[in-house]
Amino acid sequence: MPIFGFLNINKPAGMTSHDVVAKVRRGLKIRKVGHAGTLDPLATGVLVVCLGGATRLSDYIMHGTKRYTARMHLGITTDTYDAEGAVMETRDPASIRREDVEQALYTFNGAFQQIPPMYSAIKQGGRKLYDLARAGQTVEREPRAVTITTLDILNWQPPHFTLDVECSAGTYIRSLAHDLGEALGVGAHLAGLTRTASGNFTLENAVELETLLTSQDRETYLISPKVALAGWPSIQLDEVSIAHIQHGREIEFPVTYLPSPANPENILFAYTSDGTLLAILEQRANHLHPRKVFLPGD
């Protein structure tokens, strides 16, 4: 049976997320491999890798809350907002106290509009921002709604300090470092980053890439869609409903779920009695309409 599930990999520093995907594809000899939520080469930690038909679920996995340990460096700004970029300006951070940082952090707690960095994969006018930046162009970026629910100082060793950050998907920690530095008046950049959680995937349960590739029992690291998507509304279907969904037909569903901010499209994940993911269903009035169906062999 084709592999259908996820891997929770502790991404090594110095590798791109695509590098990890390529290694998994070659090492496990699986054609369809993707990832859910890019980590910069500088970063380490939780990288969710999708295998087989699970690549069609990456958008839903990326939807989850993220948590990071972020090391900030006061007094130096860079063009990429992290330690890999060229230094743009140096200022003296000696006057900044821990209390000053704690006060400034209040500005970034909760929901706010964040401007993404120029060095990012966001497209504008059909081109990725980092391509424009490498060509020497700087363009206005549309701010994006993000939410930070945890923002605490874990370690204070000026000009460095480390933050525990829990945030919504799409939050740029590099932008947080840059904007925090500007709020303090001395500048800052991201010196190090570890993703400690992505949705239901945590660093404590992540496997080292080389451990995975050299293991004789790799399937022990495979995480099923039902476990990975545990936070989403779900339904178990009977045999009659399964047959309808497999043929692309709607089924009746008298219960009405109201859309929520976490699930604005009002979808449910449908499973068979043995926990196999069958489909993603969209509620329309008192019916469930199949949006994506996962057939045997996917």
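Data block above holds the structure.
In short, a report on the structure. Everything quoted here is computed from the prediction, not taken from an experiment. (Residues numbered from 1 in each chain as written. Predicted model: local features only at pLDDT ≥ 70, side-chain atom pairs only at ≥ 80, totals over all residues. Heavy atoms only, no water.)

Once that is clear, we can look at the sheet that holds strand E18 (residues 277–284). Taken in spatial order, the five strands of this open sheet run E15-E17-E18-E19-E16, and their pairing is mixed. With one partner strand each, in any of the chains shown, strand E15 (234–236) and strand E16 (251–252) form the two edges of the open sheet. In this fold helix H8 (residues 239–246) packs onto E16, E18 and strand E19 (287–293), with an angle of close to 80° to the strand it touches most, E18. (Pairing = 2+ DSSP bridges. Helix = DSSP H or I, 4+ residues; strand = E, 2+ residues; numbered from the N terminus. Contact = heavy atoms within 4.5 Å. Axes fitted to C-alpha atoms, helices over the stretch in contact; angles between N-to-C directions.)

Going through the model one piece at a time under the given rule, you end up with eleven salt bridges. For Asp164, the salt bridge goes to Arg67, with nearest N and O atoms at 2.7 Å. Separated by 97 residues along the polypeptide, Asp164 in strand E11 (residues 160–167) and Arg67 in strand E4 (residues 66–74) bring together distant segments of the chain. Note on Asp164: relative accessible area 12%, which makes it buried. Here Arg91 makes a salt bridge to Glu182, at a shortest N to O gap of 2.9 Å. Placement of the pair is Arg91 in the loop between strand E6 (87–90) and helix H3 (98–105) and Glu182 in helix H5 (residues 173–184), with a sequence separation of 91 residues. Through salt bridges with shared partners, a single ionic network connects Glu265, Glu282, Arg284 and Arg291. (Salt bridge = Lys/Arg side-chain N within 4 Å of Asp/Glu carboxyl O. Buried < 20%, exposed > 50% of the residue type's maximum accessible area, 1.4 Å probe, protein only.)

Summarising the sheet, strand E7 (residues 110–114) and strand E10 (residues 144–157) pair through five bridges and their orientation is antiparallel. By the bridge assignment, Gln114 is partnered in E10 with Arg144. Alignment of E10 against E11, held across eight bridges, turns out to be antiparallel. Across the sheet, the residue bridging to Trp156 is Phe161, located in E11. Connecting E10 to the next strand, E11, in antiparallel fashion are two residues.

Moving on, we get to the nonpolar core. Counting residues in each nonpolar core, the largest one holds 45 residues, and the members touching the most others are Ile9, Val24, Val49, Met72, Leu163 and Ile173. Top element by residues in this core is H5. It accounts for five residues. Apart from residues lying up to four places away in sequence, Val49 is in contact with Gly5, Phe6, Leu7, Ile9, Val20, Val24, Val33, Gly34 and His35. Core analysis: the next-biggest nonpolar cluster, separate from the first, contains 21 residues, Val46, Cys50, Ile61 and Phe294 among them. (Core = buried A, V, L, I, M, F, W, Y, C linked by side-chain atoms within 4.5 Å.)

On to H5, then. It helps to recall that an α-helix has 3.6 residues per turn; residues three or four apart then point in one direction. Its twelve residues give H5 an end-to-end C-alpha distance of 16 Å, which sits within 8% of 16 Å, the value for a rise of 1.5 Å per residue. Most of H5 sits out of view: nine of its twelve residues are buried. The set of residues buried in H5 consists of Ile173, Arg174, Ser175, Leu176, Ala177, His178, Leu180, Gly181 and Leu184. Gly185 occupies a position one or two residues after H5 and carries a positive phi of about 85°. (Expected span 1.5 Å × (residues − 1).)

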